[in-house]
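Listed below, chain by chain, are the residues.
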Amino acid sequence: MPGQRVDPAAPEVDLGRPWRLHPQVALRDEPFGALAYHYGNRRLIFLRSPDLVRLVRSLERFDSADAALAAVSPPQRAAYRAALARLAASGMLDAG
Amino acid sequence: MPARAPGSALRDELARGLDAPICLTWELTYACNLACIHCLSSSGRRDPAELSTAEAMALVDELASMQVFYVNVGGGEPLLRPDFFELLEYAVSHQVGVKFSTNGTRLDRAKAARLAAMDYVDVQVSLDGATAEVNDAVRGQGSYRAARRAMEHLADAGFEGFKLSVVVTRHNVSQLDQLEALAGQYGAQLRLTRLRPSGRGAASWAELHPSRSQQHDLYRWLRDRPWVLTGDSFFHLSALGEPLEGLNLCGAGRVVCLVDPVGDVYACPFVIHEQFRAGNVRGPGGFTGVWRSSALFRSLREPTSGGACTSCGSYDACRGGCMAAKFFTGLPLDGPDPECVHGHGEAGLSDRDRPAPAADHSVRVPVRLSARA
């Protein structure tokens with residue numbers, strides 16, 4: 001069933017620590033961004049921007065999610081920070 | 001905002017279709033040991049032309065290369081296929097997760113244990129009433145007891161979070177609380193889906209589908225319980241106010257489709273009819289060719305007109321409802337759903353010619369010949 005909803009409020013997640021895509025999550029690139037599917041909890045989530053997909057894929061190269069966010073243009077940073085927090089809270093990201 | 005529930009811009013993009021389905025329904029066999037009066041696929045007898053094990057595996061290979069994350073496997077009764085577990089293991093080992101629906105009759109202790117030991121497999125046990133009386137009137141005598149036994153086996157085997165899957169009817173809509181409690185009793189999750197006038201449901205829909213006031217109750221019940229799964233089934237109810245969970249979009253031929261047991265590809269599980277058959281996986285381009293190039297699917301991805309619904313203030317919420325429900329009740333595809341919550345669909349229902357469902361595999365009832373006088 002496509003499109004399970006992620007809690008829209010940005011949850012409290014420590015982005016000062018390392019995060020990476022959960023090993024049970026697969027990304028499928030799409031024109032709008034990507035589909036992310038978690039084989040463990042069966043969540044399907046729409047990543048609605050190619051930049052967010054790039055950011056998520058880049059996480060494993062950084063010591064913290066905040067360090068990865070430094071590459072995002074400042075006006076967009078808050079939105080992407082909230083998006084990462086929601087992904088982490090829904091189990092799509094794994095504390096590295 | 002990224003990573004949120006889809007808004008209307010994304011919904012428009014999905015309506016134009018993706019290069020691969022998000023998920024698809026795959027009916028493995030037309031064979032079934034039950035004869036539910038609302039069966040979408042008119043199942044009963046196995047079709048001699050059903051996909052072989054090798055052909056089914058080739059389809060899994062294609063789905064894996066298209067990165068289809070999971071398939072909804074149904075039938076017929078999937079457990080009646082002798083190679084069921086072989087196909088299941090093949091699919092999950094190729095990162096194609098399986099959610100399969102079963103009537104539970106063949107789900108014994110050993111099979112429950114085998115399923116519980118597998119990753120990436122979800123089980124949906126079908127039950128259409130909280131009591132034997134309500135369920136068996138639709139699914140046949142003894143089917144309630146069989147489904148309860150299967151759920152017991154799954155729970156005993158430690159299969160957590162399997163689904164209790166219910167088609168909402170006029171007769172069970174008052175039992176939703178009981179059904180939720182029943183699911184909880186087994187550590188299962190409740191899943192509700194919409195009754196469609198498809199397959200044998202074409203003949204039973206008029207007397208089984210929930211009344212308009214029951215639909216309003218159902219909407220409120222679902223809105224208060226976002227954790228109840230619906231497979232995006234009830235998006236026509238979103239016309240009542242705040243949208244329900246999910247895409248709220250007809251995904252037929254755009255983000256979902258059906259592969260039937262003989263490999264025919266239809267726009268969705270509810271339109272097994274020639275008019276909605278896009279091709280066959282045995283064709284030269286395989287499933288991929290059908291999905292990406294069939295004339296039918298390309299046309300379903302064209303912008304649609306709201307037709308008679310355009311002037312309705314709810315059109316953006318429900319998008320005119322379910323194509324299959326309209327088709328099999330003889331309503332125009334660009335007009336209101338037969339269960340339109342504002343009642344716009346009902347007027348056209350009585351005097352329409354209704355298309356006959358195709359691919360009827362119902363068990364033929366032997367005709368009793370009366371002795372001639």
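Structural data are supplied above this passage.
Let us look at the structure shown here. It should be emphasised that the depicted structure is a prediction, and the values quoted were computed from it without experimental measurement.

Cut-offs and rules
Residues numbered from 1 in each chain as written. Chains lettered and ligands numbered in written order. Predicted model: local features only at pLDDT ≥ 70, side-chain atom pairs only at ≥ 80, totals over all residues. Heavy atoms only, no water. Pairing = 2+ DSSP bridges. Helix = DSSP H or I, 4+ residues; strand = E, 2+ residues; numbered from the N terminus. Axes fitted to C-alpha atoms, helices over the stretch in contact; angles between N-to-C directions. Contact = heavy atoms within 4.5 Å. Buried < 20%, exposed > 50% of the residue type's maximum accessible area, 1.4 Å probe, protein only. Right-handed = clockwise from strand over helix to strand, strands pointing away. Salt bridge = Lys/Arg side-chain N within 4 Å of Asp/Glu carboxyl O. 1 Å grid on protein atoms, 1.4 Å probe; cavity = no way out; pocket = protein on both sides within 12 Å on 5 of 7 lines; lining within 4 Å. Points joined across faces, edges and corners; volume = space filled by probe spheres on them. Nonpolar A, V, L, I, M, F, W, Y, C, P; charged D, E, K, R; others polar.

## Regarding the sheet that holds strand 2 (residues 25-30) of chain A
Residue and element names in this part refer to chain A.
Right, so step 1: Strands sit in the order 2-3-4 across an open sheet of three strands; the sheet is antiparallel. Unpaired on one side and paired on the other, strand 2 and strand 4 (44-47) mark the two borders of the sheet. The average undirected angle you get between the axes of adjacent strands in this sheet is 20°.
Right, so step 2: Inspection of the sheet shows strand 2 paired to strand 3 (residues 33-38) by six bridges, in the antiparallel sense. What sits directly across from Arg28, in strand 3, is Leu35.
Right, so step 3: Against the sheet, helix 1 (residues 50-58) touches strand 2, strand 3 and strand 4, its axis set at about 150° to strand 2.

## Details of the pairing of strand 2 (residues 70-74) of chain B
All names here are of chain B.
Right, so step 1: In terms of burial, strand 2 is largely enclosed, as five of its five residues are buried.
Right, so step 2: Side chains of strand 2 alternate between two faces, with Tyr70, Asn72 and Gly74 and Val71 and Val73 buried alike.
Right, so step 3: Of the pairings in the sheet, the one linking strand 1 (residues 23-27) to strand 2 comprises five bridges and is parallel in character. Residue pairing in the sheet places Thr25 in a bridge with Asn72 of strand 2.
Right, so step 4: Tracing the backbone out of strand 1, into helix 2 (residues 53-65) and back to the parallel element strand 2 gives a crossover that is right-handed.
Right, so step 5: Here four bridges tie strand 2 to strand 3 (residues 97-102), and the two strands are oriented parallel to one another. From the neighbouring strand, Tyr70 faces strand 3, where its bridge partner is Gly97.
Right, so step 6: For the crossover from strand 2 across helix 3 (residues 84-93) to strand 3, the handedness is right-handed.

## Quick look at the pattern of salt bridges
Right, so step 1: Scanning all chains against the criterion turns up 24 salt bridges over all chains.
Right, so step 2: A:Asp94 is paired through a salt bridge with A:Arg20; the nearest N and O atoms lie 3.1 Å apart. Of this pair, A:Asp94 sits in strand 5 (residues 93-95) while A:Arg20 sits in strand 1 (residues 19-21), placing them 74 residues apart in sequence.
Right, so step 3: Its relative accessible area of 21% is what places A:Asp94 among the partly exposed residues.
Right, so step 4: We classify A:Arg20 as partly exposed; its relative accessible area is 34%.
Right, so step 5: Within the structure, one salt-bridge network assembled from shared partners comprises B:Arg11, B:Asp12, B:Asp316 and B:Arg319.

## A closer look at the layout of surface pockets
Residue and element names in this part refer to chain B.
Right, so step 1: What the second largest pocket holds in volume is close to 610 Å³.
Right, so step 2: Forming the walls of the second largest pocket are 28 residues, and the residues nearest its centre are Arg254, Thr304, Ser305, Tyr315 and Arg319.
Right, so step 3: The set of elements that each furnish at least two residues to the lining of the second largest pocket consists of helix 1 (8-15), helix 11 (295-300), helix 12 (315-318) and helix 13 (323-328).
Right, so step 4: At three residues, helix 11 tops the list of elements feeding residues into the lining of the second largest pocket.
Right, so step 5: Here the residues of the lining of the second largest pocket sort into eleven nonpolar, eight polar and nine charged.

## Structural notes on the side chain of B:Lys163
Residue and element names in this part refer to chain B.
Right, so step 1: Mapping Lys163 onto the fold places it in strand 5 (residues 163-168).
Right, so step 2: Exposure remark for Lys163: the relative accessible area of 11% places this residue in the buried category.
Right, so step 3: When neighbours within four sequence positions are excluded, Lys163 is seen to be in contact with Asp122, Val123, Gln124, Val125, Gln189, Arg191 and Leu229.

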